[in-house]
Amino acid sequence: MDHTSREHDQLVEKLRVLEDAYNNDAPLVSDVEYDKMKNELLRIEAEHPEWTRLDHTTQKPLFDGWDNTILIEPTQVKNRLNAEKLKAKDVKIDRPSLRAEIQGSASVPYQTDLSGCTCPDFRNRKMPCKHMYRLALELGLIEKFPEVDSTIEKAVVQSAAQKWKDEFTQGRISAQLYARVAEALQK
Ligand SMILES: [Zn+2]
């Protein structure tokens, strides 16, 4: 039987609800039923590894698996900075479960955890999106970037971009400083 990625997402969500209920001592289904669904999920993910949102080998959220060299890529720095720009009213954090519901441009809020997100950015790139960074920031797992010095002129920063990049790749400046430049470049 073939599955769509939407069906996969629905199954993931369903299992989450069941797991929450179970963890709150109010199971909604029998263990046998739960196991059946969980096995179905694992079977689907074996067929479609690209849909997997949790590293089943380690059972650790993927966020932990991304090392710093990925987290400081320019696109990732941008996501991280954009995470701080999400409005507080659009972000609902559920600390106990390490999950968030974040209202984006879609009508339905994105379901975010540290291993994945239902937004298009994560689905396309399979790398942490701004929602995941926001969740990680709110949970205190990553540090906030320092404030950007607004007096830095765009032109100056742009002409200096390559120099900053070289400084950074050669280890002479910190990720924080590099990130400041990245943000300044976006303005
Ligand atoms: Zn996302």
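Residues numbered from 1 in each chain as written. Predicted model: local features only at pLDDT ≥ 70, side-chain atom pairs only at ≥ 80, totals over all residues.

On to the overall build of the protein. From N to C terminus, the protein includes 9 helices and 6 strands. Evaluated residue by residue, the protein yields a buried proportion of 20% over its 187 residues. Partitioning the contacts of the protein with sequence separation of at least 6, the portion at a separation of at least 24 is 55%. (Helix = DSSP H or I, 4+ residues; strand = E, 2+ residues; numbered from the N terminus. Buried ≥ 20, exposed ≤ 12 C-beta atoms within 10 Å, placed from the backbone. Contact = placed C-beta atoms within 7 Å.)

With that settled, consider the packing of helix H1 (residues 5-23) against helix H2 (residues 31-47). Contact geometry of H1 with H2 gives a least axis separation of 10 Å together with a crossing angle of 145 degrees. The element H1 and its partner H2 pack so that their crossing is left-handed. Only Tyr34, Met37, Lys38, Glu40, Leu41 and Ile44 of H2 make contact with H1, whose side of the interface consists of His8, Leu11, Val12, Lys14, Leu15 and Leu18. Partitioning the contact of H1 with H2 into residue classes produces 8 nonpolar, 1 polar and 3 charged. (Axes fitted to C-alpha atoms, helices over the stretch in contact; angles between N-to-C directions. Left-handed = near helix turned anticlockwise from the far one by under 90°. Nonpolar A, V, L, I, M, F, W, Y, C, P; charged D, E, K, R; others polar.)

What follows is about the pairing of strand S3 (residues 91-94). Pairing geometry for S3 and strand S4 (residues 99-102), over 4 bridges, is antiparallel. Counterpart to isoleucine 93 in the pairing with S4 is alanine 100. Between S3 and S4, which pair antiparallel and follow one another directly, the connecting turn spans 4 residues, one of which, leucine 98, has a positive phi of 55 degrees. (Pairing = 2+ DSSP bridges.)

Note on placement: threonine 4 falls in the segment before H1. Judged by the 11 C-beta atoms lying within 10 Å of it, threonine 4 falls in the exposed class. C-alpha of threonine 4 to C-alpha of isoleucine 44: the two residues are 40 residues apart in sequence and 9.5 Å apart in space.

A few words on H1. With 19 residues, H1 ought to run about 27 Å at 1.5 Å a step, and its terminal C-alpha atoms sit 27 Å apart, in line with that. A positive phi of about 60 degrees marks aspartate 25, the residue just after H1. (Expected span 1.5 Å × (residues − 1).)

Before going further, it helps to spend a moment on the environment of glutamate 7. Its location among the elements puts glutamate 7 in helix H1. A C-alpha to C-alpha distance of 9.9 Å links glutamate 7 and leucine 41, two positions 34 residues apart in sequence.

Averaged over every residue, the pLDDT of the protein is 77; residues scoring 70 or more account for 75%. For the protein, per-element mean pLDDT is lowest for strand S2 (residues 60-61), which scores 47, and highest for S4, which scores 95. This model gives residues 55-61 a pLDDT under 50, and the stretch forms 10 contacts once residues within four places in sequence are excluded. (pLDDT = per-residue confidence, 0-100.)

For the rest of this paragraph, the subject is the nonpolar core. Counting residues in each nonpolar core, the largest one holds 13 residues, and the members touching the most others are Cys117, Cys119, Phe122, Cys129, Met132, Leu135 and Ala136. Apart from the residues within four sequence positions on either side, cysteine 119 is in contact with Gly104, Tyr110, Cys129 and His131. (Core = buried A, V, L, I, M, F, W, Y, C linked by C-beta atoms within 7 Å.)

In terms of burial, helix H7 (residues 130-138) is largely enclosed, as 7 of its 9 residues are buried. Taken as a whole, H7 has its buried residues at Lys130, His131, Met132, Tyr133, Arg134, Leu135 and Ala136. Phi turns positive, to about 75 degrees, at glycine 140, one or two residues after H7.

The next thing to look at is unusual backbone geometry. Positive phi, normally seen in glycine, also occurs at leucine 98, with a value near 55 degrees. Its location among the elements puts leucine 98 in the loop between S3 and S4.

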